[in-house]
Amino acid sequence: MRFGILGPLEVTGAAAPADGRREASYAPQAAKLRVVLGTLLIRANEVVSVESLIDELWPDAPPRTATTTLQVYVSHLRKTLQSADPDNGREALVTRRPGYLLRVGADALDALSFEDLYRRGHRALQTSDFAAAADLHRRALALWRGPLLSDTPHGPVLEGAAVRLAEARSGALDERIRAELHLGLHRELVAELQELVAEHRMHEEFHSHLMVALYRCGRQAEALRVFTTLRQTLVEELGIEPGPSSSRLRRRILEGDPALARAGGRAAGPSAVTAGPADTTTAAGRDPGHDGPPAAVADTGDGSVAGAGGWSAALGALPAADPCFTGRTEELAELERLLRTAPAGGCVAVTGMPGSGKTALAVEAAHRVADAFPDGRLFLDLRGGAGPGLPPAAGPVLDRLVRASGGPGAAPADGAAAAPRLLLVLDGVGSETEVRPLLPVLRGAVVLLVARRVPAGLPGLRSVLLGPWRPDEAQRLVGLFTGRAGTRAGTLGAAAALDAGPGLGPDTVAEIAELCGRLPLAVRTAAAQLAARPHWTAAVLADRLRDEDGRLDVLRTGDVDVRSRLLDAYAACPDPQRRAFRLLSLLPPGRFGARQAAAALDLTEPQASAALEALADERLVAVDRDGCRLPELLRLLAVERLALEDPPEVVRAAAERVCRTYADGAAERGRVSDSGARGLVRLARTAYGAGLWALTVRLTDALAGWVPDDAEAVYALALDAARRGADRSAQARMRRSLGELAWQYRRVERAHELFSGALELAREAGDEEEAARALVGLAELRLDAGESAEAAALLEPALAALSAPGRARGRYEASRARALLALAQEGRESARAWFGECLELAGALRDQRLEVYALRSLRALSLPPRGGSGPASRAVEIRPGLWRIDPAAVPANPL
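Residues numbered from 1 in each chain as written. Predicted model: local features only at pLDDT ≥ 70, side-chain atom pairs only at ≥ 80, totals over all residues. Heavy atoms only, no water.

Visitor: Looking at this model, I keep getting lost on the overall build of the protein chain. Mind explaining?
Guide: Helix and strand counts for the protein chain come out as 38 helices and 18 strands. Taken across its 895 residues, the protein chain has 52% of its residues classed as buried. Long-range contacts, defined as pairs at least 24 residues apart, comprise 65% of the intrachain contacts of the protein chain with a sequence gap of at least 6. (Helix = DSSP H or I, 4+ residues; strand = E, 2+ residues; numbered from the N terminus. Buried < 20%, exposed > 50% of the residue type's maximum accessible area, 1.4 Å probe, protein only. Contact = heavy atoms within 4.5 Å.)

What follows is the structure, given as structure tokens:
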């Protein structure tokens, strides 16, 4: 079974027809089915979320039944695939949380074949194998039958993929022509290039190729006319002149440059590899304002690649400075200091987690220290190789560097001659073994390494570690979303081109940054998403990012995929570290220590500490003096991988260990912090999902009065767990907690029902303490209704029962209610005595919130009553932060 998306959608059967006729097409006729299949094929062998598919099907307003309708579409597609391939078709489309995955072989989808041929052709061109490059690019271009999925409606995913693949198609065409010019096929190319420039009237590279081809055919005047036509088009339609490269090519043609007339010959002119302070060359040796690749490449013999357009597209040229570079003030200052003070032959490293902007920082620093390296700055990406060792582009760059340094061992033995001052930026360093063999021949350079982990073992290495942006930096990221980021005045970023509209203020941007873990790559991707979808607001983007299951799906646009970058770092780790990383996702977000990690990993604490150090070395765990944490987006990746890679029984056992450890820790500490309480809520949900009923109840009990935003749902979950575990005392506690919430929300009848049910269950279970606490709840309802006598009758037995040792929290609540009763019936002195008891009990409980409430109430009672008849004069703080306007003229709490 084969699929075709480089043109109209095609699905052909697994076996060719026996009679030799044309293969039958199984492509679905319905447009919606083609959208679903096309989206799955664009992301072949990846999970595509339900949300992404719904966005693709209904970009503007999905129907209420969108999820159900999508399931129907998937069922139809499975039947179609089974018809095309009866043996394996149905199993190719699988349900995989949080969506669907279509398994496609590398040779079964034309887009995958195109991208493979394009990559191989690009690599062949870089290594000057022009015949292979031309052949590979021809085969890649032959796969196209028209625009991507030309018979299928495009939503955001397909539109982005269409732009990306169309750009790749144009790149393959450009590189095929470039290779054929090297092979001397300029006469054969003239007609095709004339057609291309007529179709792409503002594409400077195609015009440059045509100018070179005509010049080599002896048609100098026609070549110059091509430039004139290009200039007229750009001036009339855009108000700009052709780029410097096109202008220099015109000048060379006017001068009759003989080097330009020779196919594959050496071009004249200085190399643009170096970039001193006065150098104007930008990324890849291109001139400012020119974004395209070279027109016809010729080896200059000096480690650069000279374009027939009259400029040098230097292998190893330092990329242009990023106009959207934001933040990193401290790290940039430290890196600049290290580079300026490094001796010749010294090494400096920028390390950090994936997506933290290591390369951007290194390039920015390299531009800022240009004056310290007058002999140039070079850039080499070590990830370009097909296997172990250096990439093909490394040889010419290093040869040039060695020559510029005077050759290995060129310095006098006494060290009197000063070594040339060059800076070499090595990106994508995997380990010190890639760098150590180079150091003896780089004695005249300072080497700036960019690596995820510190390449230990290099002599004299100094490093800068990058984490997420700091919170104060996140407040200043509005420019990334408006296209006005960066440190250079007047520049506009390409990540977004928005005006700061309603809702796009520092607070909203800071929330988006937090949801992205303040990871630079993720925040930039979020900004690009907002720019690509004008119908989205910042609030819509933030809302989509709040969904943890789909967050990594949102952080993908064009060929930038945050999940993929994080997966690269994960895949590079050994199996034991990957397993530990996955299991740590069971811990709640935030900081944790060796004890909690040991529970997740089923190790001793010393063993867990060693595992955490190994993960920290891989930048999958962040470690500081306060503990460890999984960076937010890495945590979400770990959650995904745990669900995909680990058996359910392993996950359940680990979840039970984690929940038990946190429940024990909460019991030891007493009242938990707000962040700790949120973690307990998350773990209670985990325990409930794993069927750990008793632990669900324990973790909810540990909240100790802390009220989460979804408190009713949390306590209702625990109540159900208590029912399933047949624990009547726990049922009584959860019903009482729900009753307190209902009372606070002024649902009095529901509160009475819940308190009464809790009292009945507690008595059936023989739980005297819980029965007494239910009586306190009923008494507060009476007191709230102005029925003081009835409230007193309920509080008396409750206070007696809660006087027993070990019942301090219940006793506190009963004393608080009794103080309010005294305030209504007996006067301020009696209330002061009961609030004094509350203060003592709060101290014993080590609960600062309750202690502050008791102190505030005592202070209010020490002040003279405030006169007046307005609401403020009759306000009573009945619980911490909860006030009641008492119909009785009771003394007011002025605070």
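Visitor: Please clarify how the packing of aromatic side chains should be interpreted in this entry.
Guide: A ring pair, where both rings are aromatic, is described by two values, the distance of the centres and the angle of the planes. Summed over the entire model, instances satisfying the criterion amount to six aromatic pairs. With a centroid separation of 5.6 Å and 90° between ring planes, the pair formed by Phe114 and Trp144 is classed as edge-to-face. One end of the pair, Phe114, is in helix α5 (residues 110-126); the other, Trp144, is in the loop between α6 (130-142) and α7 (156-182), and 30 residues separate them in sequence. Here Phe114 matches Trp144 in class, with each residue buried. Between Tyr570 and Phe581 the ring centres are 5.7 Å apart and the planes differ by 45°, which places this aromatic pair in the tilted class. (Phe/Tyr/Trp six-rings, centres within 6.5 Å; stacked < 30°, edge-to-face > 60°.)

Visitor: Looking at this model, I keep getting lost on unusual backbone geometry. Mind explaining?
Guide: A negative phi angle characterises most non-glycine residues, just as the trans form characterises most peptide bonds. Of note, the amide linkage connecting Arg97 to Pro98 takes the cis form, showing an omega dihedral of 10°. Tracing the chain through its elements places Pro98 in the loop between β4 (93-96) and β5 (99-102). The backbone of Arg746 shows a phi angle near 65°, a positive value even though the residue is not glycine. Along the chain, Arg746 falls in the loop between α32 (728-744) and α33 (748-765). With a relative accessible area of 49%, Arg746 lands in the partly exposed category.

Visitor: How should the sheet that holds strand β9 (residues 377-381) be read in this particular structure?
Guide: Consider a sheet: its strands pair through backbone hydrogen bonds, and that pairing is either parallel or antiparallel. The parallel open sheet is built from five strands, whose spatial order is β9-β10-β11-β8-β12. Edge positions in the sheet fall to β9 and β12 (462-466), since each has one partner strand and no second. This sheet shows a mean twist of 15° between the axes of neighbouring strands, independent of strand direction. Helix-sheet contacts for helix α13 (residues 329-341) involve β8 (347-352), β10 (422-429), β11 (445-451) and β12, and the interaxial angle to β12 is about 165°. Strand contacts of helix α14 (residues 358-368): β8, β9, β10, β11 and β12, with the helix running at about 160° to β11, the strand carrying the most contacts. (Pairing = 2+ DSSP bridges. Axes fitted to C-alpha atoms, helices over the stretch in contact; angles between N-to-C directions.)

Visitor: Sorry if this is basic, but what is going on with the pairing of β8 here?
Guide: It is a general feature of regular strands that their side chains alternate between the two faces of the sheet. Judged by how many residues are buried, β8 sits mostly within the fold: six of six residues are covered. Taking every second residue as pointing to the same face, both faces of β8 are buried, with Cys347, Ala349 and Thr351 on one and Val348, Val350 and Gly352 on the other. The sheet contact formed by β8 and β11 spans five bridges and is parallel. Paired with Val348 across the strands is Leu448, a residue of β11.

Visitor: What's the story with the pairing of β4 in this structure? I'm lost.
Guide: Bridge count between β4 and β5: four bridges; the pairing is antiparallel. Across the sheet, residue Thr95 finds its bridge partner in β5, namely Tyr100. The loop that links β4 with its antiparallel partner β5 comprises two residues.

Visitor: In this structure, what is going on with the sheet that holds strand β3 (residues 47-49)? I would like to understand it.
Guide: In space, the three strands of this open sheet follow the order β3-β5-β4, with antiparallel pairing throughout. Looking along the sheet, the strands with just one partner apiece sit at the ends: β3 and β4. Direction aside, neighbouring strands of the sheet carry axes that sit 35° apart on average. Against the sheet, helix α2 (residues 50-57) contacts β3 and β5, and its axis sits at roughly 65° relative to β3.

Visitor: Is there a simple way to explain the environment of Gly827 in this structure?
Guide: One can find Gly827 in the loop between α36 (808-825) and α37 (828-845). On the basis of relative accessible area, Gly827 is assigned to the partly exposed category, the value being 25%.

Visitor: When you look at the confidence of the model for the protein chain in this model, what are you seeing that I'm missing?
Guide: It should be kept in mind that the predicted coordinates are not to be read in detail where pLDDT is low. Summing up the model confidence of the protein chain, the mean pLDDT is 81 and the portion of residues at 70 or higher is 81%. Below pLDDT 50 for its whole length, residues 868-874 participates in 16 contacts with residues either more than four positions away or in separate chains. (pLDDT = per-residue confidence, 0-100.)

Visitor: Explanation requested: the side chain of Glu632 in the structure shown.
Guide: Residue placement: Glu632 occurs in helix α27 (residues 632-645). Only 3.1 Å separates the side chain of Glu632 from the side chain of Arg551, close enough to count as a polar contact. Not counting the four nearest positions on each side in its chain, Glu632 is found in contact with Leu515, Gly517, Glu548, Arg551 and Pro589. (Polar contact = N/O pair within 3.5 Å; in protein donor to acceptor, adjacent residues only side chain to side chain.)

Visitor: Even after reading the chapter, I still don't get the packing of helix α24 (residues 575-584) against helix α26 (residues 605-617), so can you show me in this structure?
Guide: Each pair of packed helices can be described by the angle between their axes along with the distance between the axes. Running from amino to carboxyl end, α24 crosses α26 at an angle of 100°, the nearest separation of the two axes being 10 Å. Here α24 lies roughly perpendicular to α26, going by the angle between them. Here Gln577, Ala580, Phe581 and Leu584 of α24 lie close against α26, whose contacting residues are Leu612, Ala614 and Leu615. For the contact of α24 with α26, the per-class residue count stands at six nonpolar, one polar and no charged. (Parallel < 35°, antiparallel > 145°, perpendicular 65-115°, else oblique. Nonpolar A, V, L, I, M, F, W, Y, C, P; charged D, E, K, R; others polar.)

Visitor: Is there a simple way to think about the pattern of salt bridges in this case?
Guide: Once the charged atoms of two side chains with opposite charge are near each other, the side chains can pair. Tallied over the entire structure, the rule returns 59 salt bridges. With a shortest N-O distance of 2.8 Å, Glu334 and Arg337 are connected by a salt bridge. A residue pair is termed a helical-turn pair when its members lie 3 or 4 positions apart in one helix, as Glu334 and Arg337 do in helix α13 at three residues. The class for Arg337 is partly exposed, based on a relative accessible area of 42%. (Salt bridge = Lys/Arg side-chain N within 4 Å of Asp/Glu carboxyl O.)

Visitor: Would you mind going over the nonpolar core with me for this structure?
Guide: Inside soluble globular proteins, nonpolar side chains tend to come together where they are buried. If you look at the biggest cluster of nonpolar residues, it comprises 130 residues, and the most contacted ones within it are Phe581, Leu584, Leu633 and Leu699. Tallying contributions element by element places helix α34 (residues 768-784) first for this core, with nine residues. Once you skip the residues sitting within four places of it in the chain, Leu584 turns out to touch Phe592, Ala597, Ala600, Leu601, Leu612, Leu615, Val621 and Leu630. Residues Val35, Phe130, Leu148 and Tyr215 belong to the second largest nonpolar core, which totals 79 residues. (Core = buried A, V, L, I, M, F, W, Y, C linked by side-chain atoms within 4.5 Å.)

Visitor: Even after reading the chapter, I still don't get helix α25 (residues 594-601), so can you show me in this structure?
Guide: Most of α25 is tucked away: six of the eight residues are buried. The set of residues buried in α25 consists of Gln596, Ala597, Ala598, Ala599, Ala600 and Leu601. Just downstream of α25, Asp602 is the residue with a positive phi angle, here 60°.

Visitor: How should I be thinking about the packing of α5 against α7 in this particular structure?
Guide: Following both chains from N to C, one finds α5 and α7 inclined at 35°, their axes separated by 10 Å at the closest point. Our pair here, α5 against α7, has a crossing hand that is left-handed. Facing α5, whose interface residues are Phe114, Glu115, Tyr118, Gly121, His122 and Leu125, α7 presents Arg164, Leu165, Ala168, Arg169, Gly171, Ala172, Glu175, Arg178 and Ala179. Its residues assigned to classes, the contact of α5 with α7 comprises seven nonpolar, three polar and five charged. (Left-handed = near helix turned anticlockwise from the far one by under 90°.)

Visitor: So what exactly am I meant to see when it comes to the side chain of Arg377 here?
Guide: Secondary-structure assignment places Arg377 in strand β9. What makes Arg377 buried here is its relative accessible area of 4%. Among the polar contacts listed, one links the side chain of Arg377 to the backbone oxygen of Ala366, at a separation of 3.1 Å.

Visitor: Could you clarify how one ought to interpret α34 in this entry?
Guide: Residues spaced three or four apart along an α-helix point in a common direction, a consequence of the helix completing one turn every 3.6 residues. Here α34 is 17 residues long and its end C-alpha atoms lie 25 Å apart, about the 24 Å a rise of 1.5 Å per residue gives. In terms of burial, α34 is a largely internal element, 14 of the 17 residues being buried. Among the residues of α34, the N-terminal cap falls to Asp767, whose side-chain oxygen and the backbone nitrogen of Glu769 are separated by 3.4 Å. Taken from the residues just after α34, Gly786 is the one with a positive phi, measuring 85°. (Expected span 1.5 Å × (residues − 1).)

Visitor: Looking at this structure, I do not really get the environment of Leu477. What am I missing?
Guide: Assignment of secondary structure puts Leu477 in the loop between α17 (471-474) and α18 (478-482). For Leu477, a relative accessible area of 1% puts it in the buried group. It is 8.2 Å that separates the C-alpha atoms of Leu477 and Ala513, two residues lying 36 residues apart in sequence. Setting aside chain neighbours within four positions, we find Leu477 in contact with Thr326, Trp469, Val509, Ala513 and Val523.

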